[in-house]
Amino acid sequence: MDVSFSHALIPSLIGLYSYNILAFLVAVYFTDTNQAIAKGVIYTAVAASLLLAAQSYTVVSPILLVIWVTFYPMLWRPQQAWMLLVITNIIFVVVIIMAKPFTPLLINTFSFIAFQFFAMTSTQTRLHAQSQKAALEKAHIELLMMQNMLSEKTKSSERLRISRDLHDSIGQKLTAISLNLEYAKHKPPESLLNFINGLKEDVNDALKDVRRVVSEFRTKESIDITTYIQKLAEKIEVLKFEAKDNIVLNNPALTEQVIFCLQEGISNALRHGKADTIMLSACEKDKNYFHINLADNGQFKLNTSTDEIGGNGLIGMKERLKPYDGKVALLANTTGGAILQLTLNTRYQKACI
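Residues numbered from 1 in each chain as written. Predicted model: local features only at pLDDT ≥ 70, side-chain atom pairs only at ≥ 80, totals over all residues. Heavy atoms only, no water.

*Asks:* When you look at the overall build of the protein chain in this model, what are you seeing that I'm missing?
*Replies:* Helices and strands together make up the secondary structure of the protein chain, namely ten helices and seven strands. Within the protein chain, the fraction of its 353 residues that count as buried is 41%. In the protein chain, the proportion of contacts linking residues at least 24 apart, taken out of those at least 6 apart, comes to 72%. Accessible area of the protein chain: about 19600 Å², with a carbon and sulfur share of 61%. (Helix = DSSP H or I, 4+ residues; strand = E, 2+ residues; numbered from the N terminus. Buried < 20%, exposed > 50% of the residue type's maximum accessible area, 1.4 Å probe, protein only. Contact = heavy atoms within 4.5 Å. Areas by Shrake-Rupley, 256 points an atom, 1.4 Å probe, with all protein chains shown as cover.)

*Asks:* When you look at the packing of aromatic side chains in this model, what are you seeing that I'm missing?
*Replies:* Given two aromatic rings, one states the distance between the centres and the angle between the planes to describe the pair. Evaluation of the coordinates by the stated rule reveals nine aromatic pairs. Between Phe24 and Phe71, the ring centres sit 6.0 Å apart and the planes meet at 80°, which makes this aromatic pair edge-to-face. A residue pair is termed long-range when its members are at least 10 positions apart, and Phe24 in helix α1 (residues 10-33) and Phe71 in the loop between α3 (60-69) and α4 (72-75) qualify at 47 residues. Classification of Phe24 as partly exposed rests on a relative accessible area of 36%. Accessibility expressed as a relative area gives 5% for Phe71, which makes it buried. Through successive ring pairs, a cluster of aromatic residues spans Phe24, Trp68 and Phe71. The lysine or arginine in question, Arg320, covers the ring of Phe260, its NZ or CZ lying 4.4 Å from the ring centre. (Phe/Tyr/Trp six-rings, centres within 6.5 Å; stacked < 30°, edge-to-face > 60°. Lys NZ or Arg CZ within 6 Å of the ring centre and 35° of its normal.)

*Asks:* What is the right way to look at the pattern of salt bridges in this model?
*Replies:* On inspection of all chains with the given rule, the structure shows two salt bridges. With a closest N to O distance of 3.6 Å, Lys240 and Glu242 form a salt bridge. We note a salt bridge from Asp325 to Lys327, for which the minimum N-O separation is 4.0 Å. A residue is classified by how much of its surface remains accessible, and Asp325, at 27% relative accessible area, is partly exposed. (Salt bridge = Lys/Arg side-chain N within 4 Å of Asp/Glu carboxyl O.)

*Asks:* What am I meant to see in α3 here?
*Replies:* Helical geometry note: an α-helix holds 3.6 residues per turn, so side chains three or four residues apart project in the same direction. Across the ten residues of α3, seven count as buried, placing the element largely inside the fold. What α3 keeps buried is the set Ser61, Pro62, Leu64, Leu65, Val66, Trp68 and Val69.

*Asks:* I would appreciate a short explanation of the nonpolar core in the present structure.
*Replies:* If you look at soluble globular proteins, the nonpolar side chains tend to sit buried side by side. One finds Val258, Leu262, Ile266, Ile292 and Leu342 to be the most contacted residues of the largest nonpolar core, which totals 36 residues. Looking at this core, the elements with two or more residues in it are α8 (225-234), β2 (247-249), α9 (252-271), β3 (277-284), β4 (289-296), α10 (312-321), β5 (327-332) and β6 (338-345). Looking at this core, the element that brings in the most residues is α9, giving seven residues. Leave out the neighbours within four places in its chain, and Leu262 touches Ile225, Ile229, Leu280, Ile292, Leu294 and Leu342. (Core = buried A, V, L, I, M, F, W, Y, C linked by side-chain atoms within 4.5 Å.)

*Asks:* Please clarify how the layout of surface pockets should be interpreted in this entry.
*Replies:* One simple way to see leftover space: roll a probe sized like a water molecule over the atoms. There is about 190 Å³ of room inside the second largest pocket. Around the second largest pocket sit ten residues that line it, and Glu137, Ile141, Ile236, Val238 and Leu270 are the ones nearest its centre. For the lining of the second largest pocket, the elements supplying multiple residues, two or more each, are α6 (103-184) and α9. Residue contributions to the lining of the second largest pocket peak at three residues, all from α6. (1 Å grid on protein atoms, 1.4 Å probe; cavity = no way out; pocket = protein on both sides within 12 Å on 5 of 7 lines; lining within 4 Å. Points joined across faces, edges and corners; volume = space filled by probe spheres on them.)

*Asks:* Would you mind going over a nonpolar patch on the surface with me for this structure?
*Replies:* On the surface, a cluster of nonpolar side chains totalling about 520 Å² of accessible area is made up of Ile21, Phe24, Leu25, Val28, Ile63 and Ile67. Put simply, the parts of the chain that give the nonpolar patch at least two residues each are α1 and α3. For the nonpolar patch, the element with the most residues is α1, which contributes four residues. Taking the relative accessible area as the measure of exposure, Ile63 reaches 39% and is therefore partly exposed. (Patch = residues over 30% accessible without salt bridge, like charges linked within 9 Å, V, L, I, M, F, W, Y side chains within 5 Å.)

*Asks:* So what exactly am I meant to see when it comes to the side chain of Thr31 here?
*Replies:* Among the secondary structure elements, Thr31 is positioned in helix α1. Within the structure, Thr31 has its side chain in polar contact with the backbone oxygen of Ala27 (distance 2.4 Å). Those residues in contact with Thr31, other than ones at most four positions away along the chain, are Ala38, Phe71, Met74 and Leu75. (Polar contact = N/O pair within 3.5 Å; in protein donor to acceptor, adjacent residues only side chain to side chain.)

*Asks:* What exactly am I supposed to notice about the sheet that holds β5 here?
*Replies:* Where strands meet in a sheet, backbone hydrogen bonds hold them as pairs that are either parallel or antiparallel. Overall, mixed pairing links the five strands, which are arranged β1-β3-β4-β6-β5 in an open sheet. Edge positions in the sheet fall to β1 (240-243) and β5, since each of these pairs with one other strand and no more. Taken pair by pair, the neighbouring strands of this sheet meet at an average axis angle of 20°, ignoring direction. In terms of strand pairing, β5 meets β6 through six bridges, oriented antiparallel. Residue pairing for β6: Leu331 is matched across the bridge by Ile339. On top of the sheet, α8 reaches β1 and β3; it is set at about 165° to β1, its chief contact. Docked against the sheet, α9 engages β3, β4 and β6, running at close to 170° with respect to β6. (Pairing = 2+ DSSP bridges. Axes fitted to C-alpha atoms, helices over the stretch in contact; angles between N-to-C directions.)

As structure tokens, then:
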């Protein structure tokens, strides 16, 4: 329902209409990239809508308010969003009563307020569904990661078991032979003495070889990070994986932390960046440090105050690598997307082929 107004107000009304259109475009753009700017735009847009209602009541101003309240759940916490909604409508009702204090307009106003509550609830429901979907996707990737990690741990445990078997069985047998030969060395016939000495030397060499194999089995528990990430990516249908280097570290504990960081990077690239291709590579920074880079072709968004990529996710990665003198950075990819860069000390580098 439109109410007549003075022609003198036309420039002002056109200006308010134009500002609301511009504010909408700006708010949509900055809601995901810079929420501080988006909040400021929403505040001024709501004020402009209320001023529009004060100058001339039309259905445009309450419709605009319905649109603006849908941004509240995206920019503020639920309790703050509902508080803003109540404050906005208290001001709205006061403005209408002061401008056009008659019943039909108030009835119309309260009808639009009901639409605002509906729009607010719908937006919150949509955001909750998106959050649940993102959590399920992340849990799915983590489950795949843990399955691969368990598989690698099983292989590692099997190698350790074999090494113990070699030491406990063959090693002990060779030790017993060596002791027996030592005893036989003092018994006739003396013509066999040289032979026994040579045989003893051979047995001792064999014993050294067994110990060397055992040592290699015990230390060779490194996981090929590239192969591991490739297996993980193969189980994600929407993701294409490319690798430039085979990355192997000489510290199993650090390897596990690096894999967790890369898994988090893949999850963020899918959920936040909407990427469908990732590339894993390694390069040396200098003689003391080298980089492990996980690049994607998604949309790069870095907001340290709200975005998980630049916030809690990145902080968690830094905490994982800090005990190993490791660093984490999120960089813009020159070809589009982001690069998760892990910087490690070269003393942990076993192979980057």
